Amino acid sequence: TLLPSPLLIMVASSRSYADFTPEKVDLHRLEEGPPLTATLTREEGLKYYRTMQTIRRMELKADQLYKQKIIRGFCHLYDGQEACAVGIEGGITLSDHLITAYRAHGYTLTRGGTVREIMAELTGRRGGIAKGKGGSMHMYTKNFYGGNGIVGAQVPLGAGVALACKYLGNDQLCVSLYGDGAANQGQIFETYNMSSLWKLPIIFICENNQYGMGTSVERSSASTEYYKRGDYIPGLRVDGMDVLCVREATKFAADHCRSGKGPILMELQTYRYHGHSMSDPGVSYRTREEIQEVRSKSDPISMLKDRMLSNNMASIEELKEIDIAVRKEIEDAAQFATTDPEPPLDDLCSHIFANDQPFEVRGATPWTKLTSTS
Amino acid sequence: MLHCWDGARFPPGGTISIPAKEFNLGFIRPVNSVSHGLRVFTCPLVNVRDALNQAMDEELERDERVFLLGEEVAQYDGAYKVSRGLWKKYGDKRIIDTPITEMGFAGIAVGAAFAGLRPICEFMTWNFSMQAIDQVINSAAKTYYMSAGAQPVPIVFRGPNGSSAGVAAQHSQCFAAWYGHCPGLKVVSPWNSEDARGLLKAAIRDDNPVVFLENELMYGVPFDLSEDVLQKDFVVPIGKAKVERRGTHITLVSHSRCVGFCLDAASVLAKEGVECEVVNLRTIRPLDVDTIEASVMKTGHLVTVEGGWPQYGVGAEICARVMEGPAFNYLDAPAVRVTGVDIPMPYAKILEDHSVPQIKDIIFSVKKVLNM
């Protein structure tokens, strides 16, 4: 009874859908942009709300576990940017493809991963989505190619996936994400060139959260209009804190690709509440006031919640119940992630080669002979 | 019984393969192969370039997911003509000319492999792979491991490696040691046409990233290929070295063009009564330590020969492995390496000639190791 259901009406809703006008869309080499109105059904609204809240709570739990030293190494949190991952998924399908950089936990979820296996990967356990071999930055699901640690490298990879889509003629596309920090990488411009030449079905998405690590966009980029940086590639810039704006822009971009017109570039203006990673308090290069201002005025979850409440699409109690359910899901997942055993040592050398005979791997000494299996 | 000029005899009903260059020397009596019941098959002479070309052609035909991309591979017929004729036959979809953007197109190739295609990514020379090395190592080699087996990467990176002739320092580096260092990669280095054909087919059929190191100076060199080798499903297994010449006094281990130099040195040394066993590595990674050890345990002496630089190189690895394994106890002298000179490659011919291992260096080292 806690889950939202179209059949279960907690409150007499006067409306099961609402029309919204996205705030602002900037266009580059496009005559028209996404439609200026968007329709949100109650079902969609509740789904987006739940997913964004799940990402938010999952990231905050990861923060806790990291401070307890149960998660180690790099941990780049996504709280604040939830509308991007959720909105993008709303504009494509799971048979489309997606690749992103290292701030990837939210996408791992929207692309079909479970909170349990994501958290167990962060804590390095055998139940992790990559069996503990990958960690925070290297999580994969079907049609989701990670999680990539090297800034910018994921963009040509995404174009390669798009090339395969075109080669196989399957009408699928690839969404290739990168941040404002990566946006100046040479290999991204190489990818713009080849994608355009070969009309690959790729949506480039720049998640501009204003800071590449500790360097603000003004300090890193001669041009901060990232949606125009594709030059000959049409571009659009939308509010990345508004899940509907993101969804509509993604749908528009997907149509563009699927009609064979080639690549398109989207810039999502968004914000991260945490620092670059868990080792960054995030206040030496920006002010606490700025972070607080974004939280109070532009939080993506609050925005969606307010919209749904003010349009009578859901009741406060209903949303509270979703919150409770999400909290429980996260707690259960965290419990699993902290109690599941670490991977067996037998797994140390496995997964070097696919579809191969087992072979010997040299250990730390010449007498340590280990075995690798596929 | 058919008597051949070199003393060989052939009973009726068999098949004889005659190297093309010896065909005209024929038989003692006029041959009527039909009445003798023999099938006479001439081994064609195939140079390394054509062996690579045929291998790619056959694999492109066999599996629709295979495609080739790189600079000048299509309309130019390949910078070194290795892909000659393929674009005419297969078209734009499968033979793709790229702009001069290695990092970008190597990444695109890896991404295509992620999504289920089987790309062959050509680097015009392996020197240019340094622009793209992050994609080869971090995106290709490590992904199957990081994903705990969820994401295989069936890609071949190929191109000419090592020294050429007069192309100077930036175009002459050998990358066998660099790529051979990394887990998750298979690294192969063919010498002759049989190696080239068999290893390239094996590489394309392998579901893992393979670094395929060719040699420009070998492209034009012809070799006999027997009927077996010309079969469409002929593959040379990756990870297995070949003993090209049996010997008893000393083991020479080499790869790529230097294998030929070792065989030439062996011929010269044979006249002085020294019989060298020449091991053609064929694969740099995984290294076939068993074949090397078996040979060293037989001969008691080891010289490695490579074109690359000495420090942290292929020869260094072979010596370390022999030290750490059972073959050490059979060594009658320290193992020694013959390598390229530890300098950037100069241009002037006299300098270039003295920058690479020559046959006389191999002979000199053998005699030193054998205390002759």
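These numbers come from a predicted model, not from an experiment.

### Side note on the overall build of chain A
Move 1: When helices and strands are tallied, chain A shows eleven helices and twelve strands.
Move 2: For 374 residues, the compact-globule estimate of 2.2 N^0.38 gives 21 Å, and chain A sits close to it at 21 Å.
Move 3: Principal-axis analysis of the C-alpha atoms places the extent of chain A at approximately 70 × 50 × 45 Å.
Move 4: Put simply, chain A has 374 residues, and 58% of those count as buried.
Move 5: A separation of at least 24 residues holds for 71% of the contacts in chain A among residues at least 6 apart in sequence.
Move 6: A total of about 15,800 Å² of accessible surface is found on chain A, and carbon and sulfur atoms cover 52% of it.
Move 7: Treating the 42 positive side-chain charges of chain A as one cloud and the 46 negative ones as another, the clouds have centres 3 Å apart.

### A closer look at the UniProt feature "domain: Transketolase-like pyrimidine-binding" (unreviewed entry) in chain B
Move 1: In this structure's numbering, the residues bearing the UniProt feature "domain: Transketolase-like pyrimidine-binding" (unreviewed entry) are residues 46-221 of chain B.
Move 2: The span residues 46-221 of chain B carries 36% helix and 16% strand; its end-to-end C-alpha distance comes to 8 Å.

### A short note on the UniProt feature "domain: Dehydrogenase E1 component" (unreviewed entry) in chain A
Move 1: According to UniProt, the positions carrying the feature "domain: Dehydrogenase E1 component" (unreviewed entry) are residues 50-344 of chain A.
Move 2: As annotated, residues 50-344 of chain A has a helix share of 46% and a strand share of 11%, and its two end C-alpha atoms lie 35 Å apart.

### So, the nonpolar core
Move 1: Membership of the largest hydrophobic core comes to 74 residues, with the highest contact counts inside it found for Y178(A) and F157(B).
Move 2: Y66(A), I88(A), M139(A) and I205(A) belong to the second-largest nonpolar core, a separate cluster that totals 66 residues.

### Focus on the sheet that holds strand β15 (residues 276-280) of chain B
All names here are of chain B.
Move 1: If you walk across this open sheet you meet the five strands as β13-β15-β14-β17-β18, and the pairing is mixed. Each edge of the open sheet is held by one strand with a lone partner, namely β13 (242-245) and β18 (336-338). Geometrically, the sheet is characterised by an average inter-axis angle of 25° between neighbouring strands, direction not taken into account.
Move 2: The sheet contact formed by strand β14 (residues 250-254) and strand β17 (residues 302-305) spans four bridges and is parallel. Each residue of the ladder has a partner; that of L252, found in β17, is V303.
Move 3: Together, β14, β17 and β18 form the strand contacts of helix α13 (residues 359-369), whose direction differs from that of β18 by roughly 170°.

### Re the state of the cysteines
Move 1: This structure, assessed with the given rule, holds zero disulfides over all chains.
Move 2: In this structure C75(A) is a free cysteine whose sulfur lies 18 Å from that of C84(A), the closest cysteine sulfur available.
Move 3: Free cysteine C174(B): the closest other cysteine sulfur is in C258(B), separated by 8.7 Å.

### Focus on the sheet that holds strand β2 (residues 25-28) of chain A
Residues and elements named next belong to chain A.
Move 1: With respect to topology, six strands assemble into an open sheet ordered β2-β9-β10-β6-β5-β4, the strand pairing being mixed. The open sheet has two free edges, formed respectively by β2 and β4 (97-99), since each of these has just one partner strand. The mean inter-strand angle of the sheet, taken between neighbouring strand axes irrespective of direction, is 20°.
Move 2: Here β2 pairs with strand β9 (residues 235-239) via four bridges, running antiparallel. If you follow D26 over to β9, its bridge partner there is R237.
Move 3: Strands β5 (174-179), β6 (202-208) and β10 (264-269) of the sheet are contacted by helix α6 (residues 186-197), whose axis makes an angle of about 150° with β6.

What counts and what doesn't
Residues numbered from 1 in each chain as written. Chains lettered and ligands numbered in written order. Predicted model: local features only at pLDDT ≥ 70, side-chain atom pairs only at ≥ 80, totals over all residues. Heavy atoms only, no water. Helix = DSSP H or I, 4+ residues; strand = E, 2+ residues; numbered from the N terminus. Rg over C-alpha atoms; globule rule 2.2 N^0.38 Å. Buried < 20%, exposed > 50% of the residue type's maximum accessible area, 1.4 Å probe, protein only. Contact = heavy atoms within 4.5 Å. Areas by Shrake-Rupley, 256 points an atom, 1.4 Å probe, with all protein chains shown as cover. Lys, Arg positive; Asp, Glu negative; His and termini not counted. Charge placed at Lys NZ, Arg CZ, Asp CG, Glu CD. UniProt positions renumbered as here; feature names shortened; annotations may be inferred. Core = buried A, V, L, I, M, F, W, Y, C linked by side-chain atoms within 4.5 Å. Pairing = 2+ DSSP bridges. Axes fitted to C-alpha atoms, helices over the stretch in contact; angles between N-to-C directions. Disulfide = S-S within 2.5 Å.

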